[in-house]
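Summary of the model geometry
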Amino acid sequence: MPRRTLAVDDDHDVLATLRRTRFAPPDPSARLVGETYWRATRTPDGPATLAIAATPGSVEAESWGEGADWALERLPGLIGALDEPPSWESLPEPLRSLEKRVGGVRVPRTASLFEALVPTVLAQKVTGKEAKLGYLELARALAEPAPGPGPADLILPPGPERIARMGYEDFHRFGIERKRAIVLLELARRHRRVEEATEMTLDAARQRLLAFRGIGPWTVEHVAFVALGDPDAVTPGDYNLPSYVAWNMVRERTADDARMFELLEPYRGQRGRIVLWLQIGGRKPPRRGPRSPIRNFKRY
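The following refers to the structure shown. (Residues numbered from 1 in each chain as written. Predicted model: local features only at pLDDT ≥ 70, side-chain atom pairs only at ≥ 80, totals over all residues. Heavy atoms only, no water.)

Thoughts on empty space enclosed by the protein
Per the counting criterion, the structure on display carries one cavity of 30 Å³ or more. By volume, the largest cavity is sized at about 60 Å³. Around the largest cavity, the lining residues are R39, T41, L50, W70, A71, R74, L78, T110 and S112. A class-by-class count of the residues in the lining of the largest cavity yields four nonpolar, three polar and two charged. (1 Å grid on protein atoms, 1.4 Å probe; cavity = no way out; pocket = protein on both sides within 12 Å on 5 of 7 lines; lining within 4 Å. Points joined across faces, edges and corners; volume = space filled by probe spheres on them. Nonpolar A, V, L, I, M, F, W, Y, C, P; charged D, E, K, R; others polar.)

Things to note about the nonpolar core
Core analysis: the biggest nonpolar cluster contains 41 residues, and I163, F171, L187 and I215 have the highest contact counts within it. Looking at this core, the elements with two or more residues in it are α5 (113–122), α6 (128–141), α8 (178–189), α10 (202–210) and α11 (217–226). The element that contributes the greatest number of residues to this core is α5, accounting for seven residues. In contact with I163, other than residues within four places in its own chain, are F114, V118, L142, P158, F171, L184, L185 and A188. L98, V102, Y244 and V275 belong to the second largest nonpolar core, which has 18 residues in total. (Core = buried A, V, L, I, M, F, W, Y, C linked by side-chain atoms within 4.5 Å. Buried < 20%, exposed > 50% of the residue type's maximum accessible area, 1.4 Å probe, protein only. Helix = DSSP H or I, 4+ residues; strand = E, 2+ residues; numbered from the N terminus. Contact = heavy atoms within 4.5 Å.)

Observations concerning α6
The terminal C-alpha atoms of α6 lie 20 Å apart, and with 14 residues this matches the ideal 20 Å at 1.5 Å per residue to within 8%. Along α6, the residues classified as buried are E130, A131, G134, Y135, L136, L138 and A139. Taken together, the buried residues of α6 touch α5. (Expected span 1.5 Å × (residues − 1).)

Thoughts on the pairing of strand β5 (residues 58–64)
The element β5 is largely enclosed, with a buried count of five among its seven residues. Bridge analysis of strand β1 (residues 3–7) against β5 gives five bridges, and the strand direction is antiparallel. When the bridges of β5 are listed, R4 appears paired with A61. Where strand β4 (residues 46–55) meets β5, seven bridges bridge the pair, whose relative direction is antiparallel. The residue of β5 that forms the bridge with L50 is S63. (Pairing = 2+ DSSP bridges.)

Details of the pairing of strand β3 (residues 36–43)
Extensive coverage of β3 is indicated by the burial of seven of its eight residues. As defined by bridge partners, strand β2 (residues 30–33) adjoins β3 across four bridges and the pair is classed as antiparallel. Residue pairing in the sheet places R31 in a bridge with W38 of β3. Linkage of β2 to β3, two consecutive antiparallel strands, is achieved through a turn of two residues, within which G34 is found at a positive phi near 65°. Connecting β3 to the next strand, β4, in antiparallel fashion are two residues.

Concerning the side chain of R31
Mapping R31 onto the fold places it in strand β2. A distance of 2.9 Å separates the side chain of R31 from the side chain of D153, its partner in a polar contact. Excluding anything up to four places from it in sequence, R31 contacts T36, Y37, W38, P151, D153 and L154. (Polar contact = N/O pair within 3.5 Å; in protein donor to acceptor, adjacent residues only side chain to side chain.)

Thoughts on the packing of α5 against α8
Between two packed helices, what matters for the description is the angle formed by their axes and the separation of those axes. Relative to each other, α5 and α8 sit at 170°, their axes nearing to 10 Å. When the axes of α5 and α8 are compared, the pair comes out roughly antiparallel. When α5 is examined against α8, the residues F114, L117, V118, V121 and L122 are found in contact with a partner set consisting of R180, V183, L184, L187 and A188. Across the contact of α5 with α8, the residue classes tally to nine nonpolar, no polar and one charged. (Axes fitted to C-alpha atoms, helices over the stretch in contact; angles between N-to-C directions. Parallel < 35°, antiparallel > 145°, perpendicular 65-115°, else oblique.)

Let's talk about helix α14 (residues 271–281)
Most of α14 sits inside the fold, with nine of its 11 residues counted as buried. Taken together, the buried positions of α14 are R271, G272, R273, I274, V275, L276, W277, L278 and G281. Considering only its buried residues, α14 is in contact with α4 (95–102), α11, α12 (241–250) and α13 (257–264).

Some thoughts on the pattern of salt bridges
Scanning the model with the defined rule gives 21 salt bridges in all. Residues R31 and D153 are paired through a salt bridge, measuring 2.9 Å at the closest nitrogen-oxygen approach. Here R31, found in strand β2, pairs with D153, found in the loop between α6 and α7 (160–164); they are 122 residues apart in sequence, far enough to count as distant. Accessibility expressed as a relative area gives 47% for D153, which makes it partly exposed. Taken together, the salt bridges that share partners define one network made up of D9, D11 and R106. (Salt bridge = Lys/Arg side-chain N within 4 Å of Asp/Glu carboxyl O.)

Points about the layout of surface pockets
Put simply, the second largest pocket is a space of about 490 Å³. R42, T43, P44, H191 and E195 are, among the 21 residues lining the second largest pocket, the residues nearest its centre. Going through the elements one at a time, β3, β4, α5, α7 and α9 (191–196) are the ones with two or more residues in the lining of the second largest pocket. At three residues, the largest contribution of residues to the lining of the second largest pocket is made by α9. When grouped by side-chain class, the residues that make up the lining of the second largest pocket number seven nonpolar, five polar and nine charged.

Written out as structure tokens, the structure is:
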């Protein structure tokens, strides 16, 4: 049972940073129990479970499983300790207030691209509820218990070997249509090429991911933030994000990608961090239209 202790800045909000690494509650591979964050993951050496406890200025972690050493070695990136927030000379409101409130949340780097890609691909072109249900059903169907003494219902995230043996028709019972299923199958069958991108520069990693069928800028920027630790990553083509950014920054009710990136341009290099602050501490703009319908692909 290897252990590791890390010193962190007193204002570093470790638990809030770790929450950014999970798909959505209830993520069956991550659980906060008291003040301990449990995370099950797959590594090149095998499965691993991390138990991470944080206090001001310090992080204590234990790990179990064949991949325990690998997971602990990458603990600094996971908790955001490798992230170096800039020293802002001046910030306009509301960003100045947000920095004071949520600036301790850092940009994580899980170094696990396939794990980040599975739920992200399932979120392509569907509502959040559809994406969550599809991922939960897939994860539970392929469930393997996480190693160690963690919560009894903690399971490993879907593994590429299991997914690669499926046919696209097998995804239908999870409400996942053929298009997204084929993308997942290709990623699973070439997962080693996917994971190689974690050792590349950010530009090279983006190009590697974009070479896969069905992977576009929206998907790449999403995983670049959480898996590669890029503080400048902002997802284009998101249905809600531009208006969310515009409403919180300048009180404009609606916006498109061009307007969002115009507002974020002064913070180039840290645009993803600014969006992170807004997502944690901001407010949704007033709704002025019908909600997107929830589709059930199991019926088709």
